[in-house]
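# Structural features, examined
Here's the letter readout for the chains.
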Amino acid sequence: MWDYSEKVMDHYRNPRNVGEIKDADAVGIAGSLTCGDQLKIYLKIKDNIVTDAKFQTFGCGSAVASSSILTEMIIGKTLDEVKKITNKDIADELGGLPPEKMHCSVMGYEALEDALKKYKEEGYIDLDELNNDNSSDIQKEKIICTCFQISENMIWDAIKQNNLKTVEEITNYTKAGGACGKCKEVIQDIINTYYNKEKSQNNILTPTQWILKVNNIIETQISPELQKDGGDIELVDVKDKAIYVKLKGRCSGCKNSTMTLKNFAEKILKDTLGSDITLVEVK
Amino acid sequence: MTKLIYLDNNATTKIDDKVLEAMMPYLKEEYANPSSMYDFSKKSSNAIKEARVKVRDLLNAKDEKEIIFTSCGSESANTAIKGALAYNKNQKHIITTKVEHPCVLNLYKQLEKQGYRVDYIGVNSNGVLDLEELNEAVDEDTALVSIMWANNETGVINPIEKISEIVKSKNKNTKLFVDAVQAAGKIPIDVQACGVDMLGISGHKFHAPKGIGALYVNSQTMITPLIVGGHQERGKRAGTENTPYIAGLGKAAELASEGLKYEETEVKRLRDKLETGILSRIYNARLNTGIAERVPNTSNIGFEYIEGELILLHLSDIGICASSGSACTSGSLEPSHVLRAMNVPFTAIHGSIRWSLSRFTTEDEIDYVIEKLPGIIEKVTSISPYQKELKALKELKTVNYAV
Ligand SMILES: Cc1ncc(COP(=O)(O)O)c(C=O)c1O
Ligand code: FES
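Residues numbered from 1 in each chain as written. Chains lettered and ligands numbered in written order. Predicted model: local features only at pLDDT ≥ 70, side-chain atom pairs only at ≥ 80, totals over all residues. Heavy atoms only, no water.

## Details of the overall build of chain A
Rules: Runs of E in the DSSP output that reach at least two residues are strands. Runs of H or I that reach at least four are helices, and both are numbered from the N terminus. Categorising residues by exposure relies on relative accessible area from a 1.4 Å probe, with only protein chains included: less than 20% of the type maximum marks a residue as buried, more than 50% marks it as exposed, and the intermediate range marks it as partly exposed. Here a residue-residue contact requires only that any non-hydrogen atoms of the pair lie within 4.5 Å.
Across its full length, chain A carries 11 helices and eight strands. For chain A, the residues scored as buried account for 46% of the 283 residues in total. Residue pairs in contact within chain A that sit at least 24 positions apart in sequence constitute 57% of those at least 6 positions apart.

Following this line, the structure appears as structure tokens:
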């Protein structure tokens, strides 16, 4: 028996907004009969606001609950807000889903995405598209898992939205790899590529972006901790991988200041920026 | 608390009170090791002797020495298969079916990696084994044929006597192992008449507790033991005998032998009532096994364009327990391998529900299910995205009834 949350049970027992909207402005579909679950979502949109949403689902308890709660989450929202909803938001709103059932929330996300895409094709202009940093990834429609018809793009999205690290997790979230298993190696490659890319992203930053990134980490993650003890830290300069900082307040005269730098500040910087950085204290 | 209506007896069964009673002395005061040399152990060793005779009688084996007690159906299968193959290392070919229980199928997957050639015989759309295909598959290299007596998901019975004839006429040295876990207590088993070399059963499928099983190995068949240690079970399965559970299995075997008539008449009558009740009231229901011969307690019904887990969840809310071949319930993402081997259409495979009765099932319970199920199916069907297909199906059915 699955360990479903009260909210999941409430939603499959009493699904909200079931049915079809005959004159819908957008209809999105995810899944298929062969795979064992399909979700159809119907949207009414007026002045960029979702005024009504209904769904029909062929699927298990968590698929119905995901669809039902999704309609509640989007009614009354602007398209810009709706666009930002991820599968994780759906699962969170339900009070969590068992790991093996996360793909149900992904299906909700996909159906919504499909509906928005179709709506856009008919004239809605996506303002965010211009500074979308991963538009190149959207090309990845290549099917990786033939058993469940899962594309590279879907796997990529699932990794990104949920921080997935293993093939097993990918299977729980997207189903890919859950049948014959022959696609598992390719999925592993995708995971590797994703995390290599993330790591190497530090290298392709411009010098200014790099400095801003360093400063941001110091201000949000290091400085507040030191302030708790009456001290502080300030970024003096960044020369490639060398980061120059100055300790202030209580920290500056403190005997433990080197320890603070080495054990705390340098660790955080290395964890976030890569182990090849060095931290230099300026007196 | 709603009343519990348990229709999942192919998964496991309730322990019969008489079985529990037979076990109690050996869980309490009669704790002696049956191999010991003092009088205190007499009762224990006698209990085991008696149980062996009762299991022998259930299977109609020639000699109780041919019965080995094991911990479960899976252990019986593993002991038989690995044991027979280890004893005869020359032949490297195995034949089994596409619809065996995972405890057998996963073992063959392992053996394939070790260099065995395994043929998986298919079934027709009702779940009936293709005997022609079996006949063609047996050759001089065939060490073992392993076929279940009755299928756990569909209840479909394999003609073991005929299968044995086919196998032995093509290669008299080939050993036949039968997984009879779902047959024991439901239909008569006669290992002698049917020419079976090895056969496994599991107590918890016929009202004994979980964790006890038995393996029949006829006196002509040699196996290398799986569990090596002491001399228990005539050196075929080491480990101090589980006296209380063995006594329980013995009692359950005795009750099963006595109850076969009731299975064949009453249990079957209730199963058929449930089946016709469902099929006549629900237009998108289909019997997955057609006219195949089945054990009396099992019915596998597919509900088209809806998904099984959701049906089970709604049933569970009113205390009804059944199980499903859908992908979602198994956690495996793939629908049942048995229903896929039968080519059950994708419209129905995910919505297939297995109902399995027992001698404890009552008429009231069946009436209750027949009364409540149509509403549940209607509710689940009403949220399906396949309304057009469902409507067409409904019209088709009404036309059929009208004719
Ligand atoms: C046909 C069949 N074989 C073997 C087994 C395994 O039996 P056990 O659970 O006792 O290991 C089962 C139980 O589900 C079964 O249905
Ligand atoms: S191709 Fe992905 S599981 Fe078969």
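## Thoughts on a negative patch on the surface
All names here are of chain B. Here is the rule we go by: In this analysis, a patch consists of residues with relative accessible area above 30% that form no salt bridge, clustered at 9 Å for like charges and at 5 Å for the nonpolar side chains Val, Leu, Ile, Met, Phe, Trp and Tyr. Here the accessible surface of atoms and residues is derived via Shrake-Rupley with a 1.4 Å probe, and residues count as covered only by protein chains that are part of the display. Take a side-chain nitrogen of Lys or Arg and a carboxyl oxygen of Asp or Glu: if they are within 4 Å of each other, that pair is a salt bridge. Positive: Lys, Arg. Negative: Asp, Glu. His and the chain ends are not part of the count. To locate a charge, take NZ of a lysine, CZ of an arginine, CG of an aspartate or CD of a glutamate.
Together, Asp-130, Glu-132, Glu-133 and Glu-136 make up a region of like negative charge exposed at the surface. Assignment of secondary structure puts Glu-136 in helix H5 (residues 131-137). Judged by relative accessible area, which is 60%, Glu-136 ranks as exposed.

## A few points about the site of ligand 1
All names here are of chain B. Condition: Think of it this way: one heavy atom of a residue within 4 Å of a molecule or strand is enough to make that residue near it. For the purposes of these results, a polar contact is taken to be a pair of N or O atoms within 3.5 Å, where, inside protein, one atom must be able to donate a hydrogen and its partner to accept one; residues adjacent in sequence count only when each atom of the pair is a side-chain atom. Here the nonpolar group is Ala, Val, Leu, Ile, Met, Phe, Trp, Tyr, Cys and Pro; Asp, Glu, Lys and Arg are the charged ones; every other residue, Gly included, is treated as polar.
As a matter of local geometry, ligand 1 sits amid 13 residues, with Ser-74, Asp-179, Gln-182, Ser-202 and Lys-205 nearest to it. In this structure, His-101 approaches ligand 1 through a side-chain N or O atom, which is 3.0 Å from an oxygen atom. The contact in question runs from an oxygen atom of ligand 1 to an N or O atom on the side chain of Gln-182, over 2.8 Å. Notes on ligand 1: free accessible area 390 Å², of which the protein chains cover 88%. Split into classes, the residues belonging to the shell around ligand 1 amount to four nonpolar, seven polar and two charged.

## Describing the pattern of salt bridges
Residues and elements named next belong to chain B. Under the defined criterion, the tally for this structure stands at 37 salt bridges over all chains. With a shortest N-O distance of 3.7 Å, Glu-50 and Lys-54 are connected by a salt bridge. Highlighted residues: Glu-50 and Lys-54, both in helix H2 (residues 42-59), separated by four residues, approximately one helical turn. Under the relative-accessibility criterion, Glu-50 is labelled partly exposed at 47%.

## A few points about the packing of aromatic side chains
Just so we agree on the cut-off: Note on aromatic pairs: the rings of Phe, Tyr and Trp (six-membered ring only in Trp) are paired at centre separations within 6.5 Å, and the planes decide the class, stacked below 30 degrees, edge-to-face beyond 60, tilted for the rest. Charges are assigned to positions over rings by a cutoff of 6 Å between ring centre and Lys NZ or Arg CZ, combined with an angular limit of 35 degrees from the ring normal.
Following the criterion strictly, the structure yields seven aromatic pairs over all chains and no others. Pairing Trp-156 of chain A with Tyr-194 of chain A gives two aromatic rings, centres 5.1 Å apart and planes at 75 degrees, and the pair type is edge-to-face. With Trp-156 of chain A in helix H6 (residues 152-162) and Tyr-194 of chain A in helix H8 (residues 184-200), the pair connects residues that are 38 residues apart, well separated along the chain. Residue classification places Trp-156 of chain A among the buried residues on the basis of a relative accessible area of 3%. Overall, Tyr-194 of chain A belongs to the buried group, its relative accessible area being 11%. Relative to Phe-40 of chain B, the ring of Tyr-31 of chain B has its centre 5.1 Å away and its plane inclined at 80 degrees; by these criteria the two rings are edge-to-face. An aromatic cluster is built from Phe-58 of chain A together with Tyr-305 and Tyr-386 of chain B, whose rings are joined through pairwise contacts. Positioned above the aromatic ring of Tyr-244 of chain A, the side-chain terminus of Lys-239 of chain A is 5.3 Å from the ring centre. In this structure, Lys-14 of chain B packs its charged tip against the face of Phe-360 of chain B, placed 5.2 Å from the ring centre.

## Some thoughts on the nonpolar core
Inclusion rule: To form a nonpolar core, buried Ala, Val, Leu, Ile, Met, Phe, Trp, Tyr and Cys residues must be joined to one another through side-chain atoms within 4.5 Å.
One finds Leu-43, Ile-74, Ile-155 and Ile-187 of chain A together with Ile-278, Phe-303 and Trp-355 of chain B to be the most contacted residues of the largest nonpolar core, which totals 88 residues. At 10 residues, helix H5 (residues 102-121) of chain A tops the list of elements feeding residues into this core. Discounting residues that sit within four places of it in the chain, Leu-43 of chain A has contacts with Ala-24, Asp-25, Ala-26, Val-50, Asp-52, Ala-53, Ile-74, Leu-112, Ala-115 and Leu-116 of chain A. Residues Val-167, Phe-206, Val-338 and Ile-349 of chain B belong to the second largest nonpolar core, which totals 60 residues.

## A word on the domain arrangement of chain B
Residue and element names in this part refer to chain B. The line we're drawing: All the domain ranges listed were derived from an automatic or database domain assignment. Here the quantity called buried area is the total loss of accessible area, with a 1.4 Å probe, experienced by two parts when brought into contact, counted for both.
Here chain B is described as being made up of domain 1 (5-10 + 260-402) and domain 2 (17-257). A straight line from the C-alpha centre of domain 1 to that of domain 2 covers 30 Å. Across the boundary between the two partners, domain 1 contributes 26 residues, which contact 29 residues of domain 2. For the pair domain 1 and domain 2, the summed buried surface comes to about 2,300 Å²; carbon and sulfur atoms form 56% of the total. Along the contact surface separating domain 1 from domain 2 lie zero salt bridges. Counting the contacts that link domain 1 with domain 2 gives 12 residue pairs in polar contact (both at pLDDT 80 or more). Going through the elements one at a time, helix H7 (243-281), strand E10 (298-303) and helix H10 (337-341) are the ones with two or more residues in the side of domain 1 that touches domain 2. Of the residues forming the side of domain 1 that touches domain 2, the biggest block, four residues, is contributed by H10.

## Things to note about unusual backbone geometry
All names here are of chain A. Despite not being glycine, Asn-48 has its phi angle at roughly 60 degrees, a positive value. Within the secondary structure, Asn-48 is located in the loop between strand E2 (37-46) and strand E3 (49-58). Residue classification places Asn-48 among the partly exposed positions, given a relative accessible area of 38%.

## What to know about the interface of chain B and chain A
A common way to report how large an interface is uses the accessible area buried once the components associate. At the junction of the two partners, chain B supplies 24 residues and chain A supplies 29 residues. The interface formed by chain B and chain A includes two salt bridges. Glu-309 of chain B is the salt-bridge partner of Lys-101 of chain A, the closest N and O atoms lying 2.5 Å from each other. Applying the counting rule to chain B against chain A returns 13 residue pairs in polar contact (both at pLDDT 80 or more). Of the residues belonging to the side of chain B that touches chain A, the class tally is 10 nonpolar, nine polar and five charged.

## Structural notes on the sheet that holds strand E4 (residues 117-121) of chain B
Residue and element names in this part refer to chain B. Heads up, the rule is: Note: two strands are recorded as paired if DSSP finds a minimum of 2 bridges between them. Lines fitted to the C-alpha atoms define the axes, with helices restricted to the stretch that makes contact. Angles between their N-to-C directions range from 0 to 180 degrees.
Spatial ordering of the open sheet is given by E2-E8-E7-E6-E5-E3-E4, a layout of seven strands whose pairing is mixed. Bordering the open sheet on either side are strand E2 (67-70) and E4, each of which pairs with just one other strand. Averaged over all pairs of adjacent strands, the angle between strand axes in this sheet comes to 20 degrees, irrespective of strand direction. Inspection of the sheet shows strand E3 (residues 93-97) paired to strand E5 (residues 142-148) by three bridges, in the parallel sense. Within E5, the residue paired with Ile-95 across the bridge is Val-145.

## Section: the confidence of the model for chain B
Note the cut-off: Looking at any residue, its pLDDT shows the predictor's confidence there, from 0 to 100.
On average, residues of chain B score 95 in pLDDT, and 97% of them are at 70 or above. Reported confidence for the predicted complex is 0.87 by ipTM and 0.80 by pTM.

## Things to note about H6 of chain A
Residue and element names in this part refer to chain A. Among the 11 residues that make up H6, eight are buried, leaving the element largely enclosed by the rest of the structure. Within the sequence span of H6, burial applies to Glu-152, Asn-153, Ile-155, Trp-156, Asp-157, Ala-158, Ile-159 and Asn-162. Downstream of H6 by one or two residues, Asn-163 has phi in the positive range, about 60 degrees.

## Some details on the sheet that holds strand E6 (residues 231-239) of chain A
Residue and element names in this part refer to chain A. Spatially, three strands are ordered E6-E7-E8 in an open sheet, and the strand pairing comes out mixed. Either end of the sheet is taken by a strand with one partner, and the two such strands are E6 and strand E8 (278-281). Neighbour-to-neighbour, the strand axes of this sheet turn through a mean angle of 35 degrees, independent of strand direction. Note: E6 against strand E7 (residues 242-249), eight bridges, orientation antiparallel. Bridging across to E7, Asp-232 finds its partner in Lys-248. Together, E6 and E7 form the strand contacts of helix H9 (residues 207-228), whose direction differs from that of E6 by roughly 165 degrees.

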